[in-house]
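Residue-level structure breakdown
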Amino acid sequence: MPRARMVAGATDPMTEYKPQQLDKKWQQAWTSSHAFEVDHDASRPKFYCLEMFAYPSGYAHVGHVRNYIIGDIMARTKRMRGYNVLHPFGWDAFGLPAENAAIKAGTHPEPSTLDNIAHMKGQLQRLGISYAWEREIATCLPEYYKFNQWIFLKMFERGLAYRKRSTVNWCPSCQTVLANEQVVDGACWRCGTTVVARDLEQWFFRITAYADQLLKGLDTLTDWPEKVVVMQRNWIGRSEGARVKFPIAAAKGGAAGDRIEIFTTRIDTIYGATFVLLSPEHAVVDRFAAESSDPQAFRDRVAKFRTLDREARLTGAIEKEGFDTGRTAINPFTGKAVPIWIANFVLAEYGTGAIMAVPAHDQRDLEFARKYNLPIRIAVRSGGATTAVETMTEASTNYGTLVDSGEYTGQEAPAVLTRMIADAEKRSIGTGEVQYRLKDWGVSRQRYWGTPIPIVYCDKDGVVGVPYEQLPVELPKVTTFTGRGDSPLTQVPEFVNTKCPKCGGPARRETDTMDTFVDSSWYFLRFCDPNNGSLPFDPAAAAYWMPVDFYSGGVEHAILHLLYSRFFTRVLRDVGLITFDEPFKRLLTQGMVLKNGAVMSKSKGNVVDPDDMLAKYGADALRLYVMFVAPPEKEVEWSDAGLEGSFRFLVRVWRIVDHWADLLGGRGGNGGTGAMIAGDLTDAERALRRKTHDTIRRVTSDIEDRMHLNTAVSSLMELVNELYGFTEGTSRGVPTRSAGAERLRPERARGPALRSPVEPPQTIAVLREAIDALVLMLSPFAPHTAEELWGMLGHADNLSKARWPAFDAEVAKAEEVVVPVQINGKVRARLTVRAGASDEELREVALADAAVRQHTAGKTIRKVVVAKGPLVSVVVQ
RNA sequence: GCGGAAGUGGCGGAACGGCAGACGCGCUAGCCUCAGGAGCUAGUUGGAGCAAUCCAGUGGGGGUUCAAAUCCCCCCUUCCGCACCA
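Residues numbered from 1 in each chain as written. Chains lettered and ligands numbered in written order. Predicted model: local features only at pLDDT ≥ 70, side-chain atom pairs only at ≥ 80, totals over all residues. Heavy atoms only, no water.

**Considerations on the overall build of chain A**
The helix and strand inventory of chain A stands at 25 helices and 34 strands. Viewed in the frame of its principal axes, chain A has a C-alpha envelope of about 120 × 90 × 50 Å. When the 877 residues of chain A are sorted by exposure, 54% land in the buried category. By sequence separation, contacts in chain A at least 24 residues apart represent 73% of the contacts at least 6 residues apart. On chain A, roughly 37,500 Å² of surface is accessible, and the fraction owed to carbon and sulfur atoms is 51%. (Helix = DSSP H or I, 4+ residues; strand = E, 2+ residues; numbered from the N terminus. Buried < 20%, exposed > 50% of the residue type's maximum accessible area, 1.4 Å probe, protein only. Contact = heavy atoms within 4.5 Å. Areas by Shrake-Rupley, 256 points an atom, 1.4 Å probe, with all protein chains shown as cover.)

Structure follows, in structure tokens:
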């Protein structure tokens, strides 16, 4: 709404900056005009901007909010740049805290979850984050988790969801199973309790079937932080090697055994393999126990390794221990018998659960061999090393030339590896193999507040998927929670007892629920079509909006959430819903906000509530400060003084716009570019135009290309400073806090009106260009303030519909440049030269300069370099 | 142990081989003011000098280059990730 501002003599009350009122006013305006809701529009380029959705804990502190503001700057900028921007938000609403709270309070988790969502949504709305709220989703609602079940069934049909009994990580505190990814240093990722082993029948997703694809796909993620890519690569942990069979020698008086298969990446060292090590869980161990002279003693020792050491193994430091099974195997390359031992450091889950030990070339094996006095044999020599077996304290792990290795002696790694694997295959004693560190994803959770697994167990038909038309399998409204180890759903007979979908006979439902990481593995696809009742999303909608162009969130999700999402994307591709591989084109991992050096948390009592800041300074000052304080991916320490500074900047912007609004307002439009101000400009006017366009260039690239939001704000501050300087040189003088007549310096005041109603037209045009650009570029950061100022400047349309200012390289170009002259690397002079001077001219002017001559007097000029910049570098001796 | 990132004024941070310290916080001075913890203007890496200016300077040490905070090598420190993966 343009304001009528007529200058009437000496009194000219300044408009006051009242951010809280502006926040309210513009938030209402955006909501009622559906400013940020979007539709599929194939005629326009799309931009999908997403921040990781939130767990509804009940409150968002400034650390959380930083991420949403980052995304909002991007979304608002892209909108102004002409993109059809999808910027949705939702809630990762299932999970343990809500259930635990419900157990404590004897209530149901749903109402509190919905309350929390309502409160946090209010917080985000008060910050003016431009979300398409009509697309809001909450994963705890049947409309959403129905499709978790749908996807589960698709995976079940494809053999990608399967059951197996396995030793799992059990958190005694959370009373649930954890995936490997959720165990951190042997402790629960959520509560920190030490994890223990348990044997359970579990559902798994076969993510390992996609291991190679997930690894290869990393190469295409060029707009991801290198750090995250590396973490994922290490997590997948591909290693190429060979599986080799070591035949087991018969026990005394017993039958000839079969064989132990080992996995090795260093088959070139196999002539140095002097014993075989089994993990305590290896399948052959029980048989060896049975065939031993004292089976009970044998089993006791194994049991000790299996239980006691497992804990130690998970937490890290463990003394290498083992014991002799009394059995031997034949090294198929040497043909010699080697002892078989059981060792606590051999992992059952990796490779074949058995290794060939090569003490000369593996540090762990060497330590083990020394401890138990087992033979050591050198099979590889590298770099002319001559270490003797007797004195060896460090295994030589380098590749080199093979020694004492039969027909391979003298050959060199890595070529010899290929040859040996090929030979092993010919002789049927081994085969080339690729192993991954990545494990299948255990998704069963013995909890209530999650998605029921849509499976029915029938005595006759076995494991049966719930038919699609019967989805969703709804969570029953259980209100009594015990927190016991079993799934709470086992205590709800009307849920458990059902009919078999195949035969109609009595059957039992699966009572475990899904890991909540399932919910977050595809929610970004649901946003494309959030109300679809028959499919997770319409393929056409996903084809238009996906992939996510800009995704931001915490580094803590660098592995889990992002890897699972990449996996789900490929599964849904194979199901036929989408055609792309990677869900997130560009990723930003935002840094945390610390208070008193620690991450904010309720328990530490160091939470900064955005609402408190809003009440004091308004949403825009908070938004601006959080963006200005540091680059988005950096951790920052919260500072009240910094926030105050950002508020001051907004007041300064407000004041300068208000100062000129009477002359610029009322005329409206976007006039004041190019032709209109082509007339005679003063030096000051040309300088302001140059600054304006240079700022447009810098801010645009800082936001869109570099994501340096802090320097984008700096540039805007510089432009404001320039505007103050320019204004000081006009008849009006600079604005002061209360722009009353008596505040103006007498010598600045010209004519009777203290705000002169007249300025030369080109001055007004230049100012309009600068101030319009300033307000437009400020708007992603401080949208409420910018909208209000935009109206004050006489623009009829809301700024949320306005276009980003255009950069004019011609204008930004300076007619004169200052060229530094270095002599022997030190700047000794600065020349003011017309822009575009040739290298030859620069060289001549530089050498003619008095200061330069002074520094070169009596010396020989050996070299003169004219560098782009420009800059002249003179070398003298 | 392996892998990654980072070390720049009193502080947060700028500078994608080319003028180190943009911008902000803090501080200092002047103006304006009854007053100001407001605002405006100016100054603010350290040292020397009235000054122009000079010297030193981006964790430490070497190197490449006309030119290094930036690239390379070694070392130190901090943070993060993985951690017996055969």
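That covers the picture; the talk isn't over yet.
**With respect to the sheet that holds strand β34 (residues 871-876)**
As summarised here, the arrangement of the 4 strands in space is β32-β31-β34-β33, forming an open sheet in which the pairing is mixed. Only two strands of the sheet have a single neighbouring strand rather than two, namely β32 (826-834) and β33 (861-867). Averaged over neighbouring strand pairs, the angle between their axes works out to 20 degrees when direction is ignored. When β33 meets β34, the two strands line up antiparallel, connected through 6 bridges. Within the sheet, the bridge partner assigned to Ala867 lies in β34 and is Leu871. In this fold helix α24 (residues 839-848) packs onto β31 (816-823), β32, β33 and β34, with an angle of close to 130 degrees to the strand it touches most, β33. (Pairing = 2+ DSSP bridges. Axes fitted to C-alpha atoms, helices over the stretch in contact; angles between N-to-C directions.)

**Thoughts on the pattern of salt bridges**
For side chains bearing opposite charge, pairing can occur when the charged atoms are close. Enumeration according to the criterion identifies 47 salt bridges in this entry. For Lys477, the salt bridge is made with Glu110, and the minimal N-O distance between the two is 3.4 Å. Of the two residues, Lys477 sits in the loop between β22 (462-465) and α12 (493-496) while Glu110 sits in helix α4 (residues 109-126), which places them 367 residues apart along the sequence. Of the charged contacts, one joins Arg238 and Asp212 as a salt bridge, the two residues approaching to 3.1 Å between their closest N and O atoms. Of the two residues, Arg238 sits in strand β10 (residues 238-247) while Asp212 sits in helix α6 (residues 211-217), which places them 26 residues apart along the sequence. The class for Arg238 is partly exposed, based on a relative accessible area of 35%. Each of the salt bridges in this network shares a partner with another, and the network as a whole consists of Lys691, Asp694, Arg697, Arg698 and Glu718. (Salt bridge = Lys/Arg side-chain N within 4 Å of Asp/Glu carboxyl O.)

**Focus on the sheet that holds strand β21 (residues 455-458)**
One open sheet accounts for 4 strands, arranged β22-β21-β24-β23; its pairing is antiparallel. Edge strands, defined here as strands with exactly one partner in the open sheet, are β22 and β23 (497-499). Going across the sheet, the axis of each strand differs from the next one's by a mean of 40 degrees, ignoring polarity. Direction of pairing for β21 relative to strand β24 (residues 506-509): antiparallel, over a ladder of 3 bridges. By the bridge assignment for β24, Val456 is matched with Arg509. Across the face of the sheet, helix α5 (residues 142-157) comes into contact with β21 and β22 while running at roughly 130 degrees to β22.

**Some words on the packing of aromatic side chains**
This structure, assessed with the given rule, holds 44 aromatic pairs. On the basis of an interplanar angle of 75 degrees and a centroid distance of 6.0 Å, the ring pair of Tyr271 and Phe333 is categorised as edge-to-face. Taken together, the residues span a long stretch of sequence, with Tyr271 in the loop between β11 (259-264) and β12 (275-278) and Phe333 in the loop between β13 (322-330) and β14 (337-343) at a distance of 62 residues. Members of the aromatic cluster, connected to one another through ring pairs, are Phe152, Phe156, Trp203, Phe205, Tyr210, Trp441, Phe517, Tyr564, Phe567 and Phe568. The side chain of Arg76 reaches across the aromatic face of Trp30, ending 4.5 Å from its centre. The ring of Phe345 has Lys320 lying over it, and the distance from NZ or CZ to the ring centre is 5.5 Å. (Phe/Tyr/Trp six-rings, centres within 6.5 Å; stacked < 30°, edge-to-face > 60°. Lys NZ or Arg CZ within 6 Å of the ring centre and 35° of its normal.)

**Description of helix α7 (residues 226-236)**
Within α7, the full set of buried residues consists of Val228, Val229, Gln232, Trp235 and Ile236. Angular distribution of buried residues about the axis of α7 spans 125 degrees; they occupy a single face of the element. Summarising the geometry of α7, the exposed residues directed more than 90 degrees from the buried face are Glu226 and Lys227. Looking at the buried side of α7, the elements it contacts are α6, β10, β18 (430-436), α15 (560-575) and β27 (587-590). (Arc of directions from axis to C-beta.)

**Looking at the environment of Gly122**
Positionally, Gly122 belongs in helix α4. In this structure the C-alpha to C-alpha distance between Gly122 and Tyr59, which are 63 residues apart in sequence, comes to 10.0 Å.

**Focus: the confidence of the model for chain A**
Here chain A averages 87 in pLDDT, and 91% of its residues register 70 or above. Considering only residues more than four positions removed or in separate chains, one finds that residues 1-13, a stretch of pLDDT under 50, has 23 contacts. Taken as a whole, residues 667-675 scores under 50 in pLDDT and shows 21 contacts with residues more than four places along the chain or in a different chain. Here the complex is predicted with pTM 0.91, and the ipTM for its interfaces comes to 0.95. (pLDDT = per-residue confidence, 0-100.)

**Let's talk about the packing of helix α2 (residues 62-80) against helix α17 (residues 619-628)**
The interhelical angle for the contact between α2 and α17, taken along N-to-C directions, is 90 degrees, at an axis separation of 10 Å. The pairing of α2 with α17 is recorded here as roughly perpendicular in orientation. In this structure, α2 contributes Val62, Arg66, Ile69, Ile70, Asp72, Ile73 and Arg76 to the contact, and α17 contributes Leu622, Arg623, Val626 and Met627. When its residues are assigned to classes, the contact of α2 with α17 shows 7 nonpolar, no polar and 4 charged. (Parallel < 35°, antiparallel > 145°, perpendicular 65-115°, else oblique. Nonpolar A, V, L, I, M, F, W, Y, C, P; charged D, E, K, R; others polar.)

**What to know about the packing of helix α21 (residues 761-778) against helix α22 (residues 783-792)**
In contact at an axis separation of 8 Å, α21 and α22 are set at 155 degrees when each is read in the N-to-C sense. Taken together, α21 and α22 sit at an angle that is classed as roughly antiparallel. In this structure, α21 meets α22 at a crossing whose hand is left-handed. Contacts between α21 and α22 involve Asp772, Val775 and Leu776 from the former and Ala786, Leu789 and Trp790 from the latter. Across the contact of α21 with α22, the residue classes tally to 5 nonpolar, no polar and 1 charged. (Left-handed = near helix turned anticlockwise from the far one by under 90°.)

**What to know about the pairing of β10**
Alignment of β10 against β18, held across 7 bridges, turns out to be antiparallel. In the sheet register, Gly241 faces β18, and the bridge partner there is Glu433.

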